[in-house]
Amino acid sequence: MNAPVLVLKDSLKRESGTKVHHGNIQASKVVADVIRTTLGPRSMLKMLLDAGGGIIVTNDGNAILRELDVAHPAAKSMIELSRTQDEEVGDGTTSVIVLAGEMLHVAEAFIEKSYHPTVICRAYIKALEDAIAVLDKIAMSIDVNDRETVLGLVKSCIGTKFTSQFGDLIADLAIDATTIVGVDLGQGLREVDIKKYIKVEKVPGGQLEDSKVLRGVMFNKDVVAPGKMKRKIVNPRIILLDCPLEYKKGENQTNAELVREEDWEVLLKLEEEYIENICVQILKFKPDLVITEKGLSDLACHYFSKAGVSAIRRLRKTDNNRIAKACGAVIVNRPDELQESDVGTGAGLFEVKKIGDDFFAFVVDCKEPKACTVLLRGPSKDLLNEVERNLQDAMSVSRNIIKNPKLVPGGGATELTVSATLKQKSATIEGIEKWPYEAAAIAFEAIPRTLAQNCGVNVIRTMTALQGKHANGENAWTGIDGNTGAIADMKESKVRIKKALLCGESIIWDAYNVKAQTFKTAIEAACMLLRIDDIVSGIKKKQAPGAGPSKPTIETEGDADNEQILPD
């Protein structure tokens, strides 16, 4: 007889055993199938309706999954993978979902045969270690300063994106931006902070070809008094402040009781003297431009305009940090602590321009900027949003190359090489782990198979031909040309890379970091989902109006196992 188990009816439900594994695998396959068609340069686009009623047209895996509203916990976990991949390396967001979905799909057969999930996971982890070893073997180092090679790599990584039709434009913008903000850490290491120091400014209007990287900063502000202050200054001396240039207001409501009329005038004079003292302290350093994150009073504006100084107020903290990095200034919290070394003299030009209906301030032509702005122009907001998403991916790829300058072949060639090597190695593995290990090797073929499907070629013939070429672990550079679907050589030597670039041939490479992260994330996530054998839900059902709280009921263990996690 089954032992009684206490279950809180309607508030605690559980599902366990093989049924959970099947549910998780099915949910993961559904998520993978949603974005499978967006892999490769001939991929389909998805039109999404976001929560605000806007429309997003994209083929970026992370952007699509971000808008999905799913209820199943395993599906939510899969969507999280794409976000992790995007934050970590910025590319491969679709590949990681497709690969993780395939890893779970091939594991389903073993679950049905009563293989223990721990055995499957152990085989998968062993396959992952061997796959990374294969990557290290076929990877090729490049010179980061060789712009042609880096341009070719960035182009092949964003060749699957919507903006690939605009040629080298996005790749050039990405390489220029990441080169500017790169900081040497010593010992040959460079740090590139894309989020902090590269601002992407989207201005509708004009052509996409008008987009450019500014050696400095651009922000949506005008000077405080346009008629009295200069809008163009060459080689400006810039002071950056993080304090208000106005009389301090009390945090609480303050009441002042004045008996004589003269006292009111004294009070006003004290305020004016306070602001005058602050302005004198600032003007002592002969600045041409004063920028503050806080407010600026009319009186301070008067003193500045009288001295021929331009002023900008209420600037964002992030923009202020970028200006400091670009022109070499130091943000000061108190005007009385100003020093000559705090004044920024690195900028070549300050100018306010009107673009469309808005005024934009430019601090550009900086000597050694460590921050920059990418100005994107285009006919519509939807196009600009997609270009920005593609540019972020391109900058991430460029950053990866700067941090770890190693390449692996693209177009599914790497996955086929890994698959062939693991199949050979599976013959040497003893015991029950051999079969899941071999299944993991077959799962890697999902990437080239999906590329072939999206190109519209005969998948079986193409895959058979590719498997034949990779059978002995040779021809590691043979993969699928994503544009034509033809079997192509991905250029095995640096000489051929340069020759291909000069001749305009299609070369397909991936960054080592992206590929390694894709494999690690996909397999580790698949192992995590396979280890889940129980789902406990603490979500309460809505009760009818006037119904009292439900009482705990005792059920047998068998009844508890038969509960469904989702309501019908």
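Residues numbered from 1 in each chain as written. Predicted model: local features only at pLDDT ≥ 70, side-chain atom pairs only at ≥ 80, totals over all residues. Heavy atoms only, no water.

**Re unusual backbone geometry**
The phi torsion at N235 lies on the positive side, around 45°, for a residue other than glycine. A relative accessible area of 52% places N235 in the exposed class. For K286, which is not a glycine, the phi torsion comes out positive at approximately 50°. Here K286 shows up in the loop between α9 (261–283) and β13 (289–292). Here K286 falls in the exposed class, since its relative accessible area comes to 65%. (Buried < 20%, exposed > 50% of the residue type's maximum accessible area, 1.4 Å probe, protein only. Helix = DSSP H or I, 4+ residues; strand = E, 2+ residues; numbered from the N terminus.)

**What to know about the pairing of β13**
The alternating pattern of β13 places L289 and I291 on one face and V290 and T292 on the opposite face, and all of these are buried. Note that strand β12 (residues 238–241) and β13 share four bridges and pair parallel. Following the sheet pairing, L240 is matched in β13 by I291. As defined by bridge partners, β13 adjoins strand β14 (residues 310–312) across three bridges and the pair is classed as parallel. Looking at the pairing, V290 lines up with A311 of β14. (Pairing = 2+ DSSP bridges.)

**A closer look at helix α18 (residues 512–530)**
Between the first and last C-alpha of α18 there are 27 Å, a value that for 19 residues agrees with the 27 Å anticipated at 1.5 Å per step. Counting buried positions over the 19 residues of α18 gives 15, a clear majority of the element. (Expected span 1.5 Å × (residues − 1).)

**Some thoughts on the sheet that holds strand β19 (residues 406–409)**
Across a sheet, strands are paired by hydrogen bonds formed along the backbone, either parallel or antiparallel in direction. A sheet is described by the order of its strands in space; here three strands give the open sequence β5-β19-β22, paired in antiparallel fashion. Taken across any chain shown, the strands that pair with only one partner, and hence form the sheet edges, are β5 (140–141) and β22 (509–511). The pairing of β5 with β19 spans two bridges and is classified as antiparallel. Residue M140 lies in a different strand from β19, and its bridge partner there is L407.

**Details of the sheet that holds strand β17 (residues 358–364)**
The antiparallel open sheet is built from four strands, whose spatial order is β10-β17-β16-β11. A single partner strand is all that each edge strand has here, and the edge strands are β10 (217–219) and β11 (232–234). Ignoring which end each strand starts from, the neighbouring axes of this sheet average 20° apart. (Axes fitted to C-alpha atoms, helices over the stretch in contact; angles between N-to-C directions.)

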